[in-house]
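Descriptive analysis of the structure
Below, each chain spelled out in residue letters.
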Amino acid sequence: EAPIKYGTTILYSAFAVYGLRFRFGLESLHISKIEAIYMLGFIPLEIYKELIADYVLGQRFQFLSLMITSIYCAVGIFYVWLKFCWIAFLKEELIPVYKWLWRREQNRLKSKLIVDNSESWQKEFGKKGEGLRYIGGLDISTSLYDNGCACACFVILSYPELEIVHQETAAVVIDRPYIAGYLAFREAESLAALIARVRRTHPDIFPQVILIDGNGILHPQRFGLASHIGVLADVPTIGVAKNLHHMDDLVKYDDRSAKANRRALITDDGTVLGEAVCATSDAKNPVFVSIGHRITLDTAVAVVSRCSKYRVPEPTRLADQISRQLVRQWWDN
């Protein structure tokens, strides 16, 4: 009986894990640390049932194995029920709590933000466009039918060829509510995980700078997605947004001046938060470039301008293109 039970369990588990990873990518299982610990808990439970209960206790307390197994499984079922209730009914009600916690975490990470050039290549690149070998692009696309189902994409391009040398993707489940000004807490964890994976598996082509589809310091709290990921991963990052984030203290951007190559985005107290950049002559609308982490605005604009073939720079354009294609394949179809 035991070989059949364990054999079928292992076979089914291996098939399920392989199938999900093949279909959705490495992180599709979306198992938290608590859930992983619970699943590993079945190992000592089976050891007790097969060794301790039979060979140590003998005929005594024969009911104990079934009772412990039933209680342990009941705990798992109760946890799943609580998580379902949380996602379906309670999550939106606790937005003020989320906002308070996220603001504290945002301020903690913001204290580590660096808005100056930190790498030797940045000085040369700003002057001559040299010193850069690999550029990264990050984006995440959500399903048309469920914005909790998404695809994260990290592409690495050679410079100056701007050809893809590597791409890393993963299907992710976003289970945190959207709160204006705190988008990073929905997306940054999944994107930072891709960066960590590439850094571990392909250190020889790890990019010297990463362009992110989102804002850096061009943000109400001066700490958008690009800055959040930059601090988490400790890499130079640039925020490249396709739309201008509304901020009460930002001097209104004049769309009629979009043909100008660069136009500063300034607050009413004179602080420059970013630039509207038309990197190509045929770009009808600009992209909004801002400091993410460990780079200056001038260097960031130089990088964006030199890796743009169209309105949107190639790293984020290709990451967006790939993630959209995969999200249609994985989720929407």
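Residues numbered from 1 in each chain as written. Predicted model: local features only at pLDDT ≥ 70, side-chain atom pairs only at ≥ 80, totals over all residues. Heavy atoms only, no water.

A look at the pairing of strand β4 (residues 209–212)
Two faces make up the sheet, and in a regular strand the side chains alternate between them. Alternating positions in β4 separate into two faces, V209 and L211 on one and I210 and I212 on the other, with burial throughout. Here strand β1 (residues 134–142) runs beside β4; their pairing, made up of four bridges, is parallel. When the sheet's bridge partners are listed, I135 is paired in β4 with V209. Summarising the sheet, β4 and strand β5 (residues 237–241) pair through three bridges and their orientation is parallel. From the neighbouring strand, I210 faces β5, where its bridge partner is T237. Read from β4 through helix α8 (residues 225–233) to β5, the crossover connection turns out right-handed. (Buried < 20%, exposed > 50% of the residue type's maximum accessible area, 1.4 Å probe, protein only. Helix = DSSP H or I, 4+ residues; strand = E, 2+ residues; numbered from the N terminus. Pairing = 2+ DSSP bridges. Right-handed = clockwise from strand over helix to strand, strands pointing away.)

A few points about the packing of aromatic side chains
One pass over the full model with this rule turns up 10 aromatic pairs. Each ring, one from F78 and one from W81, has its centre 5.9 Å from the other, and the planes form 20 degrees; the classification is stacked. Here F78 pairs with W81, and both are found in helix α4 (residues 63–90), just three residues apart, close to one helical turn. Three or more aromatic residues joined by ring pairs make a cluster, and in this case those are Y98, W102, Y182 and F185. For R133, the ring lying beneath its charged end belongs to Y134, and the centroid distance is 5.1 Å. (Phe/Tyr/Trp six-rings, centres within 6.5 Å; stacked < 30°, edge-to-face > 60°. Lys NZ or Arg CZ within 6 Å of the ring centre and 35° of its normal.)

With respect to the sheet that holds β4
Each strand in a sheet pairs with its neighbour through backbone hydrogen bonds, running either in the same direction (parallel) or in the opposite one (antiparallel). The strand order across the open sheet built from eight strands is β3-β2-β1-β4-β5-β8-β7-β6, with neighbouring strands paired in mixed fashion. Either end of the sheet is taken by a strand with one partner, and the two such strands are β3 (164–173) and β6 (262–266). Averaged over all adjacent pairs, the angle separating strand axes in this sheet is 25 degrees, with direction ignored. Alignment of β1 against strand β2 (residues 149–158), held across nine bridges, turns out to be antiparallel. Looking at β2, one finds that L138 is bridged to F154. Most of the contacts of helix α7 (residues 184–201) go to β3, to which it runs at about 140 degrees, and overall it touches β1, β2, β3 and β4. (Axes fitted to C-alpha atoms, helices over the stretch in contact; angles between N-to-C directions. Contact = heavy atoms within 4.5 Å.)

Describing the environment of F89
Here F89 is to be found in helix α4. You can call F89 exposed: its relative accessible area is 54%. Sequence separation between F89 and R324 is 235 residues, and the spatial gap between their C-alpha atoms is 29 Å.

Describing the UniProt feature "transmembrane region" (unreviewed entry) in the chain
In this numbering, the UniProt entry assigns the feature "transmembrane region" (unreviewed entry) to residues 63–82. Strand forms 0% of residues 63–82 and helix 100%; the C-alpha atoms that close the span are 28 Å apart. (UniProt positions renumbered as here; feature names shortened; annotations may be inferred.)

A few points about the side chain of S65
By the secondary structure assignment, S65 is in helix α4. Residues within four places of S65 in sequence aside, it is in contact with Y48, K49 and A53.

Details of the side chain of T69
Residue placement: T69 occurs in helix α4. Relative accessible area serves as the criterion here: at 18%, T69 is assigned to the buried category. Among residues more than four places away in sequence, those in contact with T69 are L45 and K49.

What about unusual backbone geometry?
In this chain, Y159 is followed by P160 through a cis amide linkage whose omega measures 15 degrees. By the secondary structure assignment, P160 is in the loop between β2 and β3. Positive phi, close to 60 degrees, is recorded for R222, a residue that is not glycine. Looking at where R222 falls in the secondary structure, it is placed in the loop between β4 and α8. By relative accessible area, R222 is classed as partly exposed at 21%. The phi angle at R294 is positive, at roughly 60 degrees, despite the residue not being glycine. Looking at the element boundaries, R294 is found in the loop between β8 (287–293) and α9 (297–306).

Here's the deal with helix α6 (residues 120–128)
Every buried residue of α6 is listed here: W121, Q122 and F125. Taken down its axis, α6 places every buried residue within 100 degrees of arc, on the same side. Within α6, the exposed residues directed more than 90 degrees away from the buried face are S120, K123, K127 and K128. For α6, the secondary structure elements touched by its buried residues are β4 and α9. Looking one or two residues beyond α6, the residue adopting positive phi is G129, at roughly 75 degrees. (Arc of directions from axis to C-beta.)

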